[in-house]
Amino acid sequence: MHNIRKLKIWNDSIDLIIEVYSALATMPVEEKYGLSSQIKRCAVSIPSNIAEGAGREREKEFYHFLNIAYGSSYELQTQLIIFERLNFISIERNELLLNKLDEIQKMLFVFKENLKKNINI
């Protein structure tokens, strides 16, 4: 098991959630249960799956949950682009979110690949 509070990738993912929620604060009320809800679920899914995997006994299970977090990161990326194209967020603010997400995706990929080597998948 891993101490998630010491994992940079987990902490950075939590920070991204805070920024995403802040960006969504200006979204129209009618989108509260639509795109806004989906974006929040994706953002929360990333550190949640990292945490769930870290709490598992086997490294292979951790790898599985890192894959889920990785998939959620790409889902979030897509939804943030939709969010921007609908003019719910400025290009500049969205670029900041997407750049942070890109860093998280890179960390997830490297973490997964290193773990993969250790468990011989």
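Residues numbered from 1 in each chain as written. Predicted model: local features only at pLDDT ≥ 70, side-chain atom pairs only at ≥ 80, totals over all residues. Heavy atoms only, no water.

An unreviewed UniProt entry lists the protein under the name Four helix bundle protein, with Epilithonimonas hispanica given as the organism.

Colleague: Before we go on, may I ask you to explain helix α2 (residues 35-54) in this structure?
Modeller: In an α-helix, one turn spans 3.6 residues, which is why side chains three or four residues apart end up on the same side. Along its 20 residues, α2 runs 29 Å from first to last C-alpha, staying within 8% of the 28 Å computed at 1.5 Å per residue. Residue Ser-45 marks the point of greatest curvature in α2, where the axis turns by about 30°; the proline Pro-47 follows within four residues. (Helix = DSSP H or I, 4+ residues; strand = E, 2+ residues; numbered from the N terminus. Expected span 1.5 Å × (residues − 1). Bend = angle between axes of the 7 residues up to and from the residue.)

Colleague: Even after reading the chapter, I still don't get the packing of aromatic side chains, so can you show me in this structure?
Modeller: Each aromatic ring pair is specified by the distance between its two centres and by the angle formed by the two planes. Counted according to the given criterion, the structure contains four aromatic pairs. Relative to Phe-88, the ring of Phe-83 has its centre 6.0 Å away and its plane inclined at 45°; by these criteria the two rings are tilted. An aromatic cluster of at least three residues, connected via ring pairs, comprises Tyr-70, Tyr-74 and Phe-109. For Lys-112, the ring lying beneath its charged end belongs to Tyr-70, and the centroid distance is 4.9 Å. (Phe/Tyr/Trp six-rings, centres within 6.5 Å; stacked < 30°, edge-to-face > 60°. Lys NZ or Arg CZ within 6 Å of the ring centre and 35° of its normal.)

Colleague: Just to check I follow, could you spell out the environment of Asn-49 for this structure?
Modeller: Locating Asn-49 in the fold gives a position in helix α2. Once the C-alpha coordinates of Asn-49 and Asn-67 are considered, the two residues, 18 residues apart in sequence, prove to be 8.7 Å apart.

Colleague: When you look at the pattern of salt bridges in this model, what are you seeing that I'm missing?
Modeller: For side chains of opposite charge, pairing can occur when their charged atoms come near one another. Evaluated as defined, the whole model comprises six salt bridges. Notably, a salt bridge pairs Lys-100 with Glu-19, separated by 2.9 Å at the nearest N-O pair. Pair noted here: Lys-100 is in helix α4 (residues 91-119) and Glu-19 is in helix α1 (residues 8-24), with a separation of 81 residues, a long-range link. Residues Glu-52 and Arg-56 are paired through a salt bridge, measuring 2.6 Å at the closest nitrogen-oxygen approach. What makes Glu-52 partly exposed here is its relative accessible area of 37%. Taking the relative accessible area as the measure of exposure, Arg-56 reaches 30% and is therefore partly exposed. (Salt bridge = Lys/Arg side-chain N within 4 Å of Asp/Glu carboxyl O. Buried < 20%, exposed > 50% of the residue type's maximum accessible area, 1.4 Å probe, protein only.)

Colleague: I tried to follow the environment of Tyr-74 on my own but got confused; where do I start?
Modeller: Counting through the fold element by element, Tyr-74 comes out in helix α3 (residues 59-85). The class of Tyr-74 is partly exposed, set by a relative accessible area of 37%. C-alpha separation for the pair Tyr-74 and Leu-108, spaced 34 residues apart in sequence, amounts to 11 Å.

Colleague: I keep staring at α1 and nothing clicks. Help me out?
Modeller: Between the first and last C-alpha of α1 there are 24 Å, a value that for 17 residues agrees with the 24 Å anticipated at 1.5 Å per step. Buried residues of α1: Ile-9, Trp-10, Ser-13, Leu-16, Ile-17, Val-20, Ala-23 and Leu-24, and no others. The buried residues of α1 occupy an angular sector of 130° when projected down its axis, which confines them to one face. Exposed and facing more than 90 degrees away from the buried side of α1 are Lys-8 and Ile-18. Packing partners of the buried residues in α1 comprise α2, α3 and α4. (Arc of directions from axis to C-beta. Contact = heavy atoms within 4.5 Å.)

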